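# Inside the fold
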Amino acid sequence: MNWFEWIERETRPGEAEKRRGAFDGLLVLDLSYGNLAGSVCSSFLAEQGARVIRVELPGGDISRKFTPEGTFLGDSGLGYLVEELGKESVVLDYLSPEGGALLKKMASQADVLIETHGQEKMVSVGLGYPELSGVNGRLIYLSITPTGNFGPDSAPGEVEADVVGQARSGIIYLTGEPEEEGKSPEYYQVPTRVGSWFSWYAGGIFGAFSVAGALFYRESSGKGQFIDLTPSESILQFLDYNLTWYHAAGRVRERLGNFDIAVYPYTFVRCKDGYTFIAAYNDDAFRTLCEIMGKVELLDDPRFASFSERTKLENERELVKHIEEWTSRHTADEILRIIQDTISRKSGPGAAVVTGRVNRPDETLKETHWWERGVFVNHEDPDYGRLVLQGPGYKMTETPPRVRREKRPLGADTVRVLKELCGLADEELERLKRKGIISS
Amino acid sequence: MGKNANRAALRWLEEVFSGSPSEKPEILKGVRVVEMATRIFGPYTGDLLAQLGAEVIKIEMPGAGDLMRYVTPEGYFWKNASVGFFPQNRNKYHVGLDLHYEEGKEIFRELVRRSDVVLENLKAGTMDRWGLGYLQLREINPKIIYAANTGFGQWGPFSLGRPSYDATAQAVSGMSEITGFPGRPPLKVGIYIGDFTGALTSAFAILVALYHREKTGKGQFIDVAQAEVLIRILDWTWAYTSLKGKPRTRVGNMDPAVPPSGVFRCRDGFVALSAVTPEQWRGFVSALGDLVPEEIRLLEDPLERTKGEIPEALDEITGKWCSSMKVEEVLSAAQKGGFVAVKVQNARDHYESGHLRARKSVWEVEDELYGTVTEYGPPPKFSDSPMRLKWEAKPVGYHNEFVFKEILGLGQEEMARLEEKGVIGRWDDRPGACPPEKS
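Parameters at a glance
Residues numbered from 1 in each chain as written. Chains lettered and ligands numbered in written order. Predicted model: local features only at pLDDT ≥ 70, side-chain atom pairs only at ≥ 80, totals over all residues. Heavy atoms only, no water. Helix = DSSP H or I, 4+ residues; strand = E, 2+ residues; numbered from the N terminus. Buried < 20%, exposed > 50% of the residue type's maximum accessible area, 1.4 Å probe, protein only. Contact = heavy atoms within 4.5 Å. Areas by Shrake-Rupley, 256 points an atom, 1.4 Å probe, with all protein chains shown as cover. Lys, Arg positive; Asp, Glu negative; His and termini not counted. Charge placed at Lys NZ, Arg CZ, Asp CG, Glu CD. Phe/Tyr/Trp six-rings, centres within 6.5 Å; stacked < 30°, edge-to-face > 60°. Domains from an automatic or database assignment. Buried area = accessible area lost by both parts, 1.4 Å probe. Salt bridge = Lys/Arg side-chain N within 4 Å of Asp/Glu carboxyl O. Polar contact = N/O pair within 3.5 Å; in protein donor to acceptor, adjacent residues only side chain to side chain. Pairing = 2+ DSSP bridges. Axes fitted to C-alpha atoms, helices over the stretch in contact; angles between N-to-C directions. Parallel < 35°, antiparallel > 145°, perpendicular 65-115°, else oblique. Left-handed = near helix turned anticlockwise from the far one by under 90°. Nonpolar A, V, L, I, M, F, W, Y, C, P; charged D, E, K, R; others polar. Disulfide = S-S within 2.5 Å.

Further remarks concern the overall build of chain B. Each helix and strand in chain B was counted, giving 17 helices and 14 strands. Structurally, chain B occupies a C-alpha span of about 85 × 55 × 50 Å along its principal axes. Considering chain B as a whole, with its 439 residues, one finds that 65% of them fall into the buried category. Within chain B, contacts between residues at least 6 apart in sequence are counted, and of these 69% link residues at least 24 apart. If you sum the accessible surface of chain B, you get close to 15000 Å²; carbon and sulfur atoms cover 49% of it. When the 55 basic and 59 acidic side-chain charges of chain B are each reduced to a single mean position, those positions are 2 Å apart.

Have a look at this one:
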C-alpha cells in the first residue's frame, strides 16, 4: 500500500467516531458571554472528545443574536449555531450567590473553565481563579477578554464586536486598498476588516492551543493554572515583519490592496470568469510564467528583470497589466490546467508557479475535494432542515477530531447536569427555577 | 465579597505576570522537534512549540537555507537578516543538512530516533518518496508524532502535485471573496493569514498528540491543510450560503451580524467602533443624538438591529457621525457613553503601547548576534509555565556543532568530512543567510 492510500484509509471521514478522542473524559465548563472566542475554543476541545457544558446566564449568551439578516434557528443565530454543536446546555445565573455556589461545585469537578467576563467580575462573585483553584488545584482556568486582566489599559471584560478586536490587532491597518496619490480618497480606499470573525477565531484557536499545553503540563506537574488571553493579541504574531521592520528601519507597514512588497507577482488578477490568484515570484518561476503567457520579452524589461525590481510598487502596477492581458483570455480553471501542465514537467524553483480561483462561497461548496475530506458536512437542523456546516480543519490518525453534530436547545441539560454534578433534588431544582436562578 | 478582596485578587494577577518568565518552568521542556520546513506555514508551527520550550532543530539546505531568508519588505536586510525571517524562527537550533545525500538522510534518521516530533511543509508525499515519510520513520521511532502542513492535505483530488501558497488558500476557501467592498475586486487579506492560522492549528494538534502520547505511549500522523483551516474559520459563511441558496458576499467594513460595528473614517484617521449590549446601545444612541431615527433608537435587542436595511442605515449614520470628528473625540465620546471605540492600530501604536509591553505582547529579545530585537510576544499568558522568546533566528548552520556533536555524538573528523562533501554545511556569504558584519 502506498503512502496516499494508507493516509486516506487512516483519516477519511467516518473514522473519527470509531476512535477515541485525546480529550475523552475531560470536563470543560464554557461560560463565554458575547465573545465567540470562548465558544470556538470549547468547540476545538469538543472535537477532541471533551465533554463541554455551555453554562449561559438566563436569557442565553448575547452572541446567539449575532447573525445576518435576523436569521434565527430555534434559539440561536447562524454564527452561534456553528460553534454550539456537540455541547450540553445549562442555564444558570452564576452571577447570583446561589448560582455561583453551584458553579463552584461544578468547577471543583472540572478540568477546564473558560470565561469571558474578566477576573474583576468573576472575583466579585466568588468565582475568580484564586477561589476556584482553592477547591480544585488541577483546574485550568482560561480568561478571554478584549484587553486582558492586567496591564495599564486593562478594562473589565467589556463586550465588543469582532471588528474592534481586529482593529486592535493591526490586521485592519494592513488590509484594504491604498489611497491613490494626488486623488481624493474613494470610500473603499480605507483600512478594511477581514470579512469573517477573525479575532474571535484566532483567539479561540489560541485558547484551545493554550488549554492543550496546560493539560500536557498538568500530566507531569499535577497542577492546573490560569491563562490570560485576548483575541486581538492572538493576531499579533501573525503580522510577521510588522514590528521587526518598525524596530529595524523605523518603517510602518502600510496597506497595499492586492499587491505585496515582499514577493511579486503574488496577486489576484482578472480572468474571463472572475478573479484568480497568480504567484511566480522567484526568478525561475517568473521565467516559467512568462513562457506560459508567451511574454518572454518581459524578462528583458529592467522593471521586471529582478526580484527586487518586481517588488517595487510602481513596477507591480505595470506588471499586473501584462499578466491580466493573458489571464483575461482564459477562465480560472483553464489557467489552473495550463499552469499545472507546465509545472508538472518541471522541478525546483522554476515549478513555483501557483494559481487558484478566487471562489465565491457557493463555488467552494461545489468542489468535491472538501466533501471527500469531510471539511463540509451536511447538518440536519431540527428547526430549518438541511444546512451545510464546516467540519474540523485538520486530521489525525490516532485521535482524529470528530464532527460535532447534536444541537441542544438552550437549557436542555440544566436539570440533568445539576443533579449529576451538584446532587440537587427535584424540589430544590423547582425552587431555583421559580427564583429564576436556573431555567430548562 | 467586598471590594478589598477583589483588589487583592487582581493584585495577585499583576504580581504573577510582572515577574520574569525565565524563572518558571517550560511546558515543552525536554521535547525535541525536527523541523524540515520553509517559509511560514511550517516554521511558525515550530516557532510556537519553541516558545513553549521545545528544542526545535531547524534543518535547512547548506548555503542558501530557508527561502524565507530572502523574503523581506522592499528587499530590506537588517544586519544581513530578513526582518521577515525572524518572527517564525525564534528559539530554534539551526543546522545545514542536505537530504539529497544518503548520509544526510542517515543523520536525519538519527535525529528522528532521538526526537518526539517531526514537522514538515513539503508537497504531500515528498518525504515518503525520500524514504523519510511517517511510515518509514515510525519504524525507527514508534512514538514519533509527525505533522505535515500542506495547502490541500495529504489526499483528495487537489492534493497531488498542486502547490499552494497562503493566498491560494485565501482564494479557494472563499475568505477573499467575502473581504473588501461590493463593486470592487475581492481583497487579499494584508497578512499571510492562511499560513499563520494553519500553523497555529498544527501546533494545537501536536500538543493534542503529545498529551495523548503521555497517556498511551502512541505517536501519530497529523494532516493540516491551510485551505481547510480557513474554511473552518469562516464562521457563518457555509450555514448562510446553504440556507439562503445564495453566496455570502463582501459588504465592506460593517459587520452585518453585529450592527452597529465597523471601521470609520474620522478627520484625522480611522476608528473601529461597536455597541452590542443594551447598555452600550443606549450610550451609542445618546452620543449620536438626532442622527439616529426614532424607530431605530428603540432597538435595544441586537437581533432586531440585524434585520432589513438597519445594518446599512446604522453604518451610514455612524460614518457620518465619525466623519466630522477627530479620532480622540470619538474615543472620548465612546468612553463617556459606555460603548467601545479604538483607533485602528499600526506598528508604531503597538511599539509605543505601554499596555502591550506590560503584557509582554511587545517583547524585547536580547540576542547574542543581533542585540535587541523588538518582537510580538506570546499571546497566551500562562501563570505557571509561561511561553517566552529567548533568542532570534540565526544564520544557516549556526548550531551545527551543538546538534551534530552534542546530540548525535559525531566526532570532529567526521564532521569535517561531511562538511567537505557538502552533506552538512553553513551559510553562503550573502545577506539573508550569513551573520551580521562584526562591528
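Here the focus is the packing of aromatic side chains. Within the structure shown, the criterion is met by 50 aromatic pairs over all chains. Measuring from ring centre to ring centre gives 6.2 Å for F226 of chain A and W12 of chain B, while their planes differ by 80°; the resulting arrangement is edge-to-face. With one member in each of two chains, F226 of chain A in strand β8 (residues 226-229) and W12 of chain B in helix α1 (residues 3-18) form a pair that bridges those chains. Relative accessible area serves as the criterion here: at 0%, F226 of chain A is assigned to the buried category.

What follows deals with the environment of G219 of chain B. Residues and elements named next belong to chain B. For G219, the location among the structural elements is in the loop between α7 (193-216) and β8 (220-225). Here G219 falls in the buried class, since its relative accessible area comes to 6%. Separated by 118 residues in sequence, G219 and G337 have C-alpha atoms that sit 54 Å apart.

Turning to the domain arrangement of chain B, a few remarks are in order. The figure often quoted for interface size is the accessible area lost as the parts come together. Assigned domains within chain B: domain 1 (12-233 + 358-421) and domain 2 (261-345). Taking only C-alpha atoms into account, the centre of domain 1 of chain B sits 42 Å from that of domain 2 of chain B.

In this assembly, 179 residues from chain B lie in contact with 175 residues from chain A. Where chain B abuts chain A, roughly 16000 Å² becomes buried across the two surfaces, and 68% of that area is made up of carbon and sulfur atoms. In terms of surface lost to chain A, no three residues of chain B exceed W155, Y211 and R232 of chain B, which account for 6% of the buried area on that side. Joining chain B to chain A, the criterion identifies 16 salt bridges. In this assembly, chain B and chain A are joined by 77 residue pairs in polar contact (both at pLDDT 80 or more). Ranked by the residues each element gives to the side of chain B that touches chain A, the list is headed by α7 of chain B, at 16 residues.

Quick look at the sheet that holds strand β5 (residues 92-96) of chain B now. Reading across from one edge, β14(A)-β8(B)-β7(B)-β6(B)-β1(B)-β2(B)-β5(B) is the order of the 7 strands in this open sheet, with mixed pairing throughout. In this open sheet, the two edge strands, each paired with only one partner strand, are β14 (394-396) of chain A together with β5 of chain B. Across the sheet, the mean angle from the axis of one strand to that of its neighbour is 15°, orientation sign disregarded. The pairing of strand β1 (residues 32-36) of chain B with strand β6 (residues 117-120) of chain B spans 4 bridges and is classified as parallel. Bridging across to β6 of chain B, M36 of chain B finds its partner in E120 of chain B.

Let us look at helix α10 (residues 278-288) of chain B. Those residues of α10 of chain B not exposed but buried are Q280, W281, G283, F284, V285 and L288 of chain B. Just beyond α10 of chain B, the residue with positive phi is G289 of chain B, at close to 60°.

Residue and element names in this part refer to chain A. Strand order across the open sheet formed by 3 strands is β9-β10-β11, with antiparallel pairing between neighbours. Each edge of the open sheet carries a strand with a single partner, namely β9 (266-271) and β11 (354-357). Across the sheet, the mean angle from the axis of one strand to that of its neighbour is 25°, orientation sign disregarded. For strand β10 (residues 274-279) and β11, the ladder comprises 4 bridges, and the chain directions are antiparallel. Looking at β11, one finds that A279 is bridged to V354. Strand contacts of helix α14 (residues 332-343): β9, β10 and β11, with the helix running at about 155° to β11, the strand carrying the most contacts.

Moving on, we come to the packing of helix α2 (residues 41-51) of chain B against α7 of chain B. All names here are of chain B. Contact pair α2 / α7: the axes reach a minimum separation of 8 Å and the direction vectors enclose 45°. As far as their axial angle goes, α7 and α2 are oblique. In this structure, α2 crosses over α7, and the sense of that crossing is right-handed. Judged by residue contacts, F41, Y44, T45, L48 and L49 of α2 engage D195, F196, G198, A199, L200, S202, A203 and I206 from α7. Of the residues in the contact of α2 with α7, the class split is 9 nonpolar, 3 polar and 1 charged.

A separate point is the side chain of T364 of chain A. Relative to the elements of secondary structure, T364 of chain A occurs in helix α15 (residues 361-366). Polar side-chain contacts of T364 of chain A include one of 3.3 Å to the backbone oxygen of S173 of chain B. Contact partners of T364 of chain A, with chain neighbours within four places excluded, come to N359, W370 and F376 of chain A together with V172, S173, G174, I231 and W238 of chain B.

Residue and element names in this part refer to chain A. For G128, the location among the structural elements is in the loop between α5 (119-124) and α6 (129-135). What makes G128 buried here is its relative accessible area of 1%. Linking G128 and V263, residues 135 residues apart in sequence, is a C-alpha distance of 48 Å. Among all residues touching G128, those that are not within four sequence positions of it are Q119, M122, V123 and Y141.

So, about the state of the cysteines. All names here are of chain A. Applying the stated rule across the entire model yields 0 disulfides over all chains. This cysteine, C290, is not joined by any disulfide, and C271 carries the nearest cysteine sulfur, 19 Å off. Look at C290 and you get buried, because its relative accessible area is 0%.

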